[in-house]
Amino acid sequence: MSATLHGKDAVLAEMGQHPAISAVMEKMPDALTDARWDREELTLTIAPEKLVPVAGVIRQAGYNFLEDVTAVDWFPAQEPRFQVSYHLLSHARKERIRLRVMLAASKPEVETITDVWPSANYYEREVFDLFGVHFAGHPNLRRILMPDEWTGHPLRKDYPVEGYR
Amino acid sequence: MAVEPDLKIELGKQGVFVTTLNELYNWGRRNSVWPMQFGLACCAIEMIATTMARYDLARFGAEVFRPSPRQADLMIISGTVTKKMAPQVVRLYNQMAEPRYVIAMGACAISGGPFKQGYNVLKGIDRYIPVDVHIPGCPPRPEALIHAFMTLQKKIEAQPLTGEARPRHLNAEAQGEFPVPVPSAHDLNPPVNRLVWPLPAPNPGESA
């Protein structure tokens, strides 16, 4: 297998039999917008509106454990600006994959995956607190690290690096 | 006011013990400083090590870590004080009974340390409460904490019981309650306590 595979077509050509990819391509092929195999890591870019059903499909495919939810702010280099990453682990296959959704700066919102993995609750609160990404349908979307009175989301690239002193 | 050392030794040989009330009072105070059981970050691990058998802070009369501020004499600020935690630290200090002392332990507690440039870390607890001894280090070794403790003992020993320099618990006019900062949009409000922080605060206009 090649060391790096850039783009959906290259990944599908070489890794079409991968359980996560084949499950997604079988059940909802139009949800997969991009893919990449790099440094032994597989990243699947999912259309934001289809994230929750795709998460369900991939969980069914054996990726049972949600390890982490985090985000990247690509400001000012890229639009869509926010990337929310979900790191999944399959205990049976001893293997990880990463799902990501790209969210526009004008409306950084994606549906919560707490219905698929309840453990996403605190992770999504953290991403909301520090990046200002809203998770629609989240049971308790409040700040988790910063004080409740705080304004702004400190890990956004346009937040002053040293804060407001 | 102190008794002359030579005379004291000479009298001691004769079986006569001479002292001053000041000396006796401070001797008792400095050998029973009870710290508060209160750790904030990694420095707390070194503080715990200091109390354990190898370093044995009990030799200095400080083995009793009290879990209540009402029973403690010494607050060891052991670690990073975040802006979220700072109001609780000041509140705990307010709840301690006089006489009370503060050791700021480690780079974070005295200045913000490696996190000074961060948006969420208080740049030194001495902005809100009076600190008696600062120890640098990241984290300071137990020896450094013991040194700070001995420095505090020397400070207590040297305090006169009357006059301008008397300790706060003997001065009815002294301030007992320190204002607790409240969290606001980007920082704590007020950003410093003017009564204990004489230096100008950076960018005072931007706070609030």
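What counts and how
- Residues numbered from 1 in each chain as written.
- Chains lettered and ligands numbered in written order.
- Predicted model: local features only at pLDDT ≥ 70, side-chain atom pairs only at ≥ 80, totals over all residues.
- Heavy atoms only, no water.
- Helix = DSSP H or I, 4+ residues; strand = E, 2+ residues; numbered from the N terminus.
- Rg over C-alpha atoms; globule rule 2.2 N^0.38 Å.
- Contact = heavy atoms within 4.5 Å.
- Buried area = accessible area lost by both parts, 1.4 Å probe.
- Salt bridge = Lys/Arg side-chain N within 4 Å of Asp/Glu carboxyl O.
- Nonpolar A, V, L, I, M, F, W, Y, C, P; charged D, E, K, R; others polar.
- Buried < 20%, exposed > 50% of the residue type's maximum accessible area, 1.4 Å probe, protein only.
- Polar contact = N/O pair within 3.5 Å; in protein donor to acceptor, adjacent residues only side chain to side chain.
- Pairing = 2+ DSSP bridges.
- pLDDT = per-residue confidence, 0-100.
- Axes fitted to C-alpha atoms, helices over the stretch in contact; angles between N-to-C directions.
- Parallel < 35°, antiparallel > 145°, perpendicular 65-115°, else oblique.
- Left-handed = near helix turned anticlockwise from the far one by under 90°.
- 1 Å grid on protein atoms, 1.4 Å probe; cavity = no way out; pocket = protein on both sides within 12 Å on 5 of 7 lines; lining within 4 Å.
- Points joined across faces, edges and corners; volume = space filled by probe spheres on them.

**Focus: the overall build of chain A**
A tally of helices and strands in chain A yields 4 helices and 8 strands. Reading the secondary structure of chain A in the N-to-C direction produces β-α-α-β-β-α-β-β-β-β-α-β. For 165 residues, the compact-globule estimate of 2.2 N^0.38 gives 15 Å, and the C-alpha radius of gyration of chain A, at 16 Å, lies within 12% of that figure. The principal-axis extent of the C-alpha atoms belonging to chain A is close to 50 × 30 × 25 Å.

**Focus: the interface of chain B and chain A**
Contact with chain B, which involves 15 residues of that partner, is made by 16 residues of chain A. Across the interface of chain B and chain A, roughly 1,500 Å² is buried in total on both sides, 58% from carbon and sulfur atoms. Sorting the residues of chain B by area buried against chain A places Lys-84, Tyr-119 and His-186 of chain B first, and these three jointly supply 44% of that buried surface. Applying the counting criterion to the chain B and chain A interface returns 0 salt bridges. Class assignment for the residues of the side of chain B that touches chain A results in 4 nonpolar, 6 polar and 5 charged.

**Concerning the environment of Asn-26 of chain B**
All names here are of chain B. Positionally, Asn-26 belongs in helix α2 (residues 21-30). In this structure Asn-26 comes out as buried when scored by relative accessible area, which is 0%. Separated by 130 residues in the primary sequence, Asn-26 and Ile-156 place their C-alpha atoms 6.5 Å from one another. Discounting residues that sit within four places of it in the chain, Asn-26 has contacts with Ile-156, Glu-157, Gln-159 and Leu-161. There is a polar contact of 3.3 Å between the side chain of Asn-26 and the backbone oxygen of Glu-157.

**Observations concerning the sheet that holds strand β2 (residues 32-38) of chain A**
Residue and element names in this part refer to chain A. The sheet built from 6 strands is open, its strands ordered β1-β2-β3-β6-β5-β4 with mixed pairing. The two strands at the open ends of the sheet, each matched to only one other strand, are β1 (5-6) and β4 (65-73). Pairing analysis gives 3 bridges linking strand β3 (residues 41-46) to strand β6 (residues 95-103), with the strands arranged parallel. When the bridges of β6 are listed, Thr-43 appears paired with Arg-98.

**A closer look at the confidence of the model for chain B**
Confidence in the prediction for chain B averages 89 pLDDT; 95% of positions are at 70 or higher. Both confidence scores are given for the complex: pTM 0.84, ipTM 0.77.

**Quick look at the packing of α2 of chain B against helix α6 (residues 142-157) of chain B**
All names here are of chain B. Viewed as axis vectors pointing N to C, α2 and α6 meet at an angle of 155°, and their least axial separation amounts to 9 Å. When the interaxial angle is binned, α2 and α6 end up roughly antiparallel. In this structure, α2 crosses over α6, and the sense of that crossing is right-handed. Touching Asn-26, Arg-29 and Arg-30 of α2 are Gln-153, Ile-156 and Glu-157, all from α6. Counted by class, the contact of α2 with α6 contains 1 nonpolar, 2 polar and 3 charged residues.

**Quick word on empty space enclosed by the protein**
On inspection of all chains with the given rule, the structure shows 2 cavities of 30 Å³ or more. Grouping the constituent residues of the lining of the second largest cavity by class yields 6 nonpolar, 1 polar and no charged.

**Details of the packing of helix α2 (residues 19-27) of chain A against helix α3 (residues 51-60) of chain A**
Residues and elements named next belong to chain A. One way to put it is that α2 packs onto α3 with a least axis distance of 9 Å and a crossing angle of 130°. With respect to α3, the element α2 is oriented oblique. The element α2 and its partner α3 pack so that their crossing is right-handed. On α3, the residues touching Ala-23, Val-24 and Lys-27 of α2 are Val-54, Val-57 and Ile-58. Residues that form the contact of α2 with α3 fall into these classes: 5 nonpolar, no polar and 1 charged.

**Focus on unusual backbone geometry**
Note that the residue after Phe-75 of chain A, namely Pro-76 of chain A, is joined by a cis bond; omega there is -5°. With respect to the helices and strands, the residue Pro-76 of chain A is situated in the loop between β4 and β5 (82-90). Here the bond from Cys-138 of chain B into Pro-139 of chain B is cis, since omega is -15°, no more than 30 degrees from zero. Mapped onto the fold, Pro-139 of chain B is located in the loop between β3 (133-135) and α6. Here Lys-94 of chain A, not a glycine, exhibits a phi torsion of approximately 55°, which is positive. Tracing the chain through its elements places Lys-94 of chain A in the loop between β5 and β6. Phi at Asp-56 of chain B takes a positive value of approximately 55°, unusual for a residue other than glycine. Summarising the element assignment, Asp-56 of chain B is placed in the loop between α3 (43-51) and β1 (74-78).

**Examining the pattern of salt bridges**
Where side chains of opposite charge bring their charged atoms close, a pairing between them can arise. Residues and elements named next belong to chain A. All told, the structure shown has 17 salt bridges over all chains when counted by the stated rule. Arg-96 serves as the salt-bridge partner of Glu-67, at 2.9 Å between the closest nitrogen and oxygen. You can see Glu-67 sitting in strand β4 and its partner Arg-96 sitting in strand β6, a full 29 residues away along the chain. For Glu-67, a relative accessible area of 24% translates into the label partly exposed. Judged by relative accessible area, Arg-96 falls into the exposed class, the value being 52%. Overlapping salt bridges bring together Arg-36, Asp-38 and Arg-39 as one network.

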